Amino acid sequence: MPGTGWQSSVRRSLVLTEFPVPEWLPVSLRDRFPSTRLKLSCSPTAIHPWLKLGNGTEVFIKRDDQTGSSLSGNKVRKLEFIMADVLKRGCDAVITCGSLQSNHCRAVAAIAAQLGIECHLLLRTDSATCDSKPSGNYLLSGLTGAHLYLVGLREQYATSLLPRSQKLAEILRRDRGRKAYIIPVGGSDAVGVFGYFSAFDEILKDCPASVKNIFVACGSGGTVAGLAIANHLSGNKFRIYGIPVCDSGAYFYDHIQKMVNDLELAGVKAEDICQMIDGYKGAGYGISTEQERDFIRRITAETGIFLDPVYSGKAARGMMEELDGGSKIYKGDSLFIHTGGIFGIFGEPGFVSSTLNDIRHGTTSSWMDATQEPFMRP
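Note that this is a predicted model, so its numbers are computed, not measured.

Reading guide: rules and limits
Sequence positions are assigned chain by chain, starting from 1 and proceeding in written order. Where local features are concerned, this predicted model is filtered to residues with pLDDT of at least 70; where side-chain atom pairs are given and counted, the filter is 80 or more; whole-chain, interface and lining totals use all residues. Excluding hydrogens and water, the side-chain figures rest on all heavy atoms present in the structure. Whether two strands pair depends on DSSP finding at least two bridges between them. A run of DSSP states H or I qualifies as a helix once it reaches four residues; a run of E qualifies as a strand once it reaches two. Both are numbered from the N-terminal end. Within the patch definition used here, like charges are joined within 9 Å and nonpolar side chains (Val, Leu, Ile, Met, Phe, Trp, Tyr) within 5 Å, considering only residues with over 30% relative accessible area and no salt bridge. For the area figures, the Shrake-Rupley method with a 1.4 Å probe applies, and any residue is considered shielded solely by the protein chains shown. In the sections that follow, a salt bridge refers to a side-chain nitrogen of Lys or Arg positioned within 4 Å of a carboxyl oxygen of Asp or Glu. Residues scored as positive are Lys and Arg, those scored as negative are Asp and Glu, and His as well as the terminal groups of each chain are ignored. By convention, the charge on Lys lies at NZ, on Arg at CZ, on Asp at CG and on Glu at CD. Angles run from 0 to 180 degrees between N-to-C directions of axes, and those axes are lines fitted to C-alpha atoms, restricted for helices to the stretch in contact. Note on terminology: angles under 35 degrees are roughly parallel, angles over 145 are roughly antiparallel, angles of 65 to 115 are roughly perpendicular, and the others are oblique. Helix crossings fall into two classes, left-handed where the near helix is turned counterclockwise from the far one by less than a right angle and right-handed where it is turned clockwise. Should any heavy atoms of two residues lie within 4.5 Å, those residues are counted as being in contact. The residue classification treats Ala, Val, Leu, Ile, Met, Phe, Trp, Tyr, Cys and Pro as nonpolar and Asp, Glu, Lys and Arg as charged. All others, Gly included, are polar. Exposure categories follow from relative accessible area, calculated using a 1.4 Å probe and restricted to protein chains: below 20% of the type maximum is buried, above 50% is exposed, and the middle band is partly exposed.

Peer 1: Describe the sheet that holds strand β10 (residues 239-244), naming the residues involved and giving the relevant values.
Peer 2: With respect to topology, six strands assemble into an open sheet ordered β3-β4-β12-β9-β10-β11, the strand pairing being mixed. Only two strands of the sheet have a single neighbouring strand rather than two, namely β3 (47-52) and β11 (275-276). As defined by bridge partners, strand β9 (residues 211-218) adjoins strand β12 (residues 333-338) across four bridges and the pair is classed as parallel. Within β12, the position partnered with isoleucine 214 by the bridge is leucine 335.

Below, the structure written as structure tokens:
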């Protein structure tokens, strides 16, 4: 095959860089804060006005959907610290897990390819063969050359996926001499949590003073944990709200509490530093309803900002229903953290088919004859 006499030099551009400790971080935690990260994101990301509510308050948006291209979204912030840890530990393989359309897995696969290390992904699905056409994040993960393993849709991390990952790590050591690093689902652990310490520092510097509430989707819990813990450590300037798109608020409180305990923050309770708002995961993780699809289409048409049907679409809809509901607990303006997920649009069959149907019959018309005037919708 022509053109094969080359090697990637991307690895040389990915180096560990110093990362300054935020000024608000307590002295007792400074030795725990990573001194270096692998600079992967296009950060800081912008904060700008997004939606005006009938009561006069405003919703701003932090554009973490613009952290990069193939590495877009919130996951890359966590992976800056996790992949730095991978390199510092001398690992030459990574293992992680998620859904078939996992943004996290796609980001890990892309970074691993850039670093020239093996990537192994355990992907949850309801099909042992995945007969459907590869699309979205599943397609992109495969393009990187990652090793993909299909596992059951209901497999839990602690009881199944973690033991499988540990088994795979041992096989890689035994058969290939690899030193594998296991990344938890979503990169949500006491290393990845520092990614949103970094993002919170940006919020403190750039967010309008009128903002009192921060809303974010909860899929694995690392993003809301980072924001909530950082907000607590810096003096509780904001009220942090997480909107689960899977599992339940109780599950995420437990997960956040584990990170709090791992950071040895005595006396801190997850329920005191953030609030989970249940009731907006709809038909379930990765399944969109017609109401959710209508909301996403309207937001996109009116603001030009794309939301995905798995995370940001459900969370933004939940936020707007809460704010429009007239509750007096949401005082002041609000900030929505856009966690990315654009590739998920192409991996959710219901969203794709419904939207294409609307485009074909609602916004598309034939104008083959240039002598005639085109038909324009009202």
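Continuing now.
Peer 1: Tell me about a positive patch on the surface, and name the residues and values.
Peer 2: On the surface, Lys212, Lys237, Arg239, Lys328 and Lys331 cluster together into a patch of positive charge. The residue lysine 212 is located in strand β9 in this model.

Peer 1: How would you summarise the packing of helix α1 (residues 75-88) against helix α5 (residues 194-206) if you had to cite specific residues and measurements?
Peer 2: At their nearest, the axes of α1 and α5 sit 7 Å apart, and the two run at 125° to each other. Our classification of the angle between α1 and α5 gives oblique. Crossing of α1 over α5 shows right-handed handedness. Facing Arg77, Lys78 and Phe81 of α1, the residues of α5 in contact are Phe194, Gly195, Tyr196, Ser198, Ala199 and Glu202. Within the contact of α1 with α5, the residues separate by chemical class into four nonpolar, two polar and three charged.

Peer 1: Can you tell me about the pairing of strand β4 (residues 58-63), naming the residues and giving the values?
Peer 2: The element β4 is largely enclosed, with a buried count of five among its six residues. In terms of strand pairing, β3 meets β4 through five bridges, oriented antiparallel. Looking across to β4, one finds that isoleucine 47 is bridged to lysine 62. In this antiparallel pair of consecutive strands, β3 and β4, the connection spans five residues, and glycine 56 shows a positive phi of 95°. One ladder, built from five bridges, connects β4 with β12; its direction is parallel. Directly across from lysine 62, in β12, lies its bridge partner isoleucine 337.

Peer 1: For the packing of α1 against helix α2 (residues 103-115), give the residues involved together with the corresponding values.
Peer 2: In contact at an axis separation of 11 Å, α1 and α2 are set at 45° when each is read in the N-to-C sense. By the angle between their axes, α1 is oblique relative to α2. Considering the relative orientation of α1 and α2, their crossing is right-handed. Contacts from Lys75, Leu79, Met83 and Leu87 of α1 reach α2 at Asn103, His104, Ala107, Val108, Ile111 and Leu115. Residues of the contact of α1 with α2, tallied by class, amount to seven nonpolar, two polar and one charged.

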